[in-house]
Amino acid sequence: MKTNWKKFTVLALGVLTAAALLGGCGSDNKAAGSAADGKTVVKTVISGTEAPLSWVDEKGEKHGYEYDVLLEVNKRLKNYRLDIQAVPPETEDVMMESGDAKVATGGYFKNAQREQNFLLPESPIGASSLMVYVTKGNETKYKNLEELLKDGKKIVPLTANGGAFRIITEWNKKHGNILPEIPVQSGVSVAERIKSIKEGQYDAYIIPNNLGVEDLAAKQGVTLVALPEPIKVNATYVLVNKKEDKLAGEINEALKSLRDDGTLAKISTKWYKDDLLKLLK
């Protein structure tokens, strides 16, 4: 999904301060104070703004697919208890890079940089397809991204160095560099990107299918529909601090058991009306 690993500066420290303030509101304080059960409490961060993946409502309560999965993981960990805190997505990166947080979820794809910086338990937490979304009616004109671009249509700029950007960069090379230059723009919300399609500035939006873009578009009075062919199907993973081998092992076992007994499928169906992990079969 997203990633933009930066060297730490005074600005990053400011972000951490903001994270502490937001994290305090979005933290599972009950878990944080439960060391009496003998388990090690682990600061765990989730996105506070990416429904239905995970988010915090106006009352400060956490919701979403990954949040529900982590609650189930907590029930199956033998030696640890996850203190789940909701923070802005960009703050997750800073907290994990600094070691302030030990575990993070956020629709993370596996890539070389993440595998170098973190432990990724083998069992995925979920799955997503990177899709091309267009306004209703256009999904019958094109099967895939290649057809759309060859017809001269424009895609909404991607987040520089984000997961989608990396995938499209690889895709573009394999398709003869149909895009002479991949458009990028950082600091733009999903809502703003949808608005740019609504206003006719762009024709298509490339985004994973587990972020609820259809519902967000509907709130703006826009009906977005995915083209039939996904660009790429990805498993999504939990990130764990590089030094926490035992913790990563327990999370892996918990996720495996949740998938084997159908719990992940039930949670996925709750939030996405389908078992997204079927995409991995």
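Since we're looking at a predicted model, the values are computed, not measured.

Conventions we followed
The residue numbers shown here count from 1 along each chain, following its written sequence. Selection of residues for local features in this predicted model requires a pLDDT of at least 70, selection of side-chain atom pairs for listing and counting requires 80 or more, and totals for whole chains, interfaces and linings are taken over all residues. The side-chain values count all of the structure's non-hydrogen atoms but skip hydrogen atoms and water molecules. Stacked, edge-to-face and tilted labels apply to pairs of Phe, Tyr and Trp rings (six-membered ring for Trp) whose centres lie within 6.5 Å, assigned for plane angles under 30 degrees, over 60, and everything in between, in that order. To qualify as a helix, a DSSP run of H or I must reach at least 4 residues; to qualify as a strand, a run of E must reach at least 2; elements of each kind are numbered from the N terminus. Whether a residue is buried, partly exposed or exposed follows from its accessible area with a 1.4 Å probe, protein chains only, as a fraction of its type maximum: under 20%, in between, or over 50%, in that order. When DSSP finds at least two bridges between two strands, those strands are taken to pair. In these notes, a set of buried Ala, Val, Leu, Ile, Met, Phe, Trp, Tyr and Cys residues joined through side-chain atoms within 4.5 Å is what counts as a nonpolar core. The contact definition used throughout considers only heavy atoms, calling two residues in contact when any of these lie within 4.5 Å. Lines fitted to C-alpha atoms define the axes here, with helix axes fitted over just the stretch in contact, and angles between the N-to-C directions of these axes take values from 0 to 180 degrees. Should an angle lie under 35 degrees it is considered roughly parallel, over 145 roughly antiparallel, and from 65 to 115 roughly perpendicular; all remaining angles are considered oblique. Helix crossings get a hand from a simple test, with the near helix turned counterclockwise from the far one by less than a right angle marking a left-handed crossing and a clockwise turn marking a right-handed one. Amino acids outside the nonpolar list (Ala, Val, Leu, Ile, Met, Phe, Trp, Tyr, Cys, Pro) and the charged list (Asp, Glu, Lys, Arg) are all regarded as polar, and Gly is one of them.

A. Representation of the packing of aromatic side chains in the model. Taken as a whole and judged by the stated rule, the model has two aromatic pairs. Between Trp-55 and Trp-271 the ring centres are 5.5 Å apart and the planes differ by 85°, which places this aromatic pair in the edge-to-face class. Here Trp-271 lies in helix H11 (residues 263-272) and Trp-55 lies in strand S3 (residues 54-56), a separation of 216 residues in the sequence. For Trp-271, a relative accessible area of 21% gives the class partly exposed.

B. Geometry of the pairing of strand S11 (residues 232-241). Among the ten residues that make up S11, eight are buried, leaving the element largely enclosed by the rest of the structure. With three bridges connecting them, strand S6 (residues 103-108) and S11 associate as antiparallel partners. Across the sheet, residue Val-103 finds its bridge partner in S11, namely Val-240. In the sheet, strand S8 (residues 126-135) pairs with S11 via five bridges, with the strands oriented antiparallel. Bridged to Leu-130 within S11 is Lys-232.

C. Up close: the nonpolar core. By size, the foremost hydrophobic cluster in this structure holds 42 residues, and its most contacted members are Val-69, Val-73, Leu-82 and Leu-224. Beyond its immediate sequence surroundings of up to four residues, Leu-224 is in contact with Tyr-133, Val-134, Thr-135, Ile-194, Ile-197, Val-213, Glu-214 and Ala-217. Ranked by size, the runner-up nonpolar core spans 21 residues in total, among them Ala-164, Ile-168, Ala-204 and Ile-231.

D. Geometry of the packing of helix H3 (residues 65-76) against H11. Between H3 and H11, the shortest axis-to-axis distance is 9 Å and the interhelical angle comes to 155°. Judged by the inter-axis angle, H3 sits roughly antiparallel to H11. In this structure, H3 meets H11 at a crossing whose hand is right-handed. Contacts from Tyr-65, Asp-68, Val-69, Glu-72 and Arg-76 of H3 reach H11 at Thr-263, Leu-264, Ile-267, Ser-268, Lys-270, Trp-271 and Tyr-272. Class assignment for the residues of the contact of H3 with H11 results in six nonpolar, two polar and four charged.

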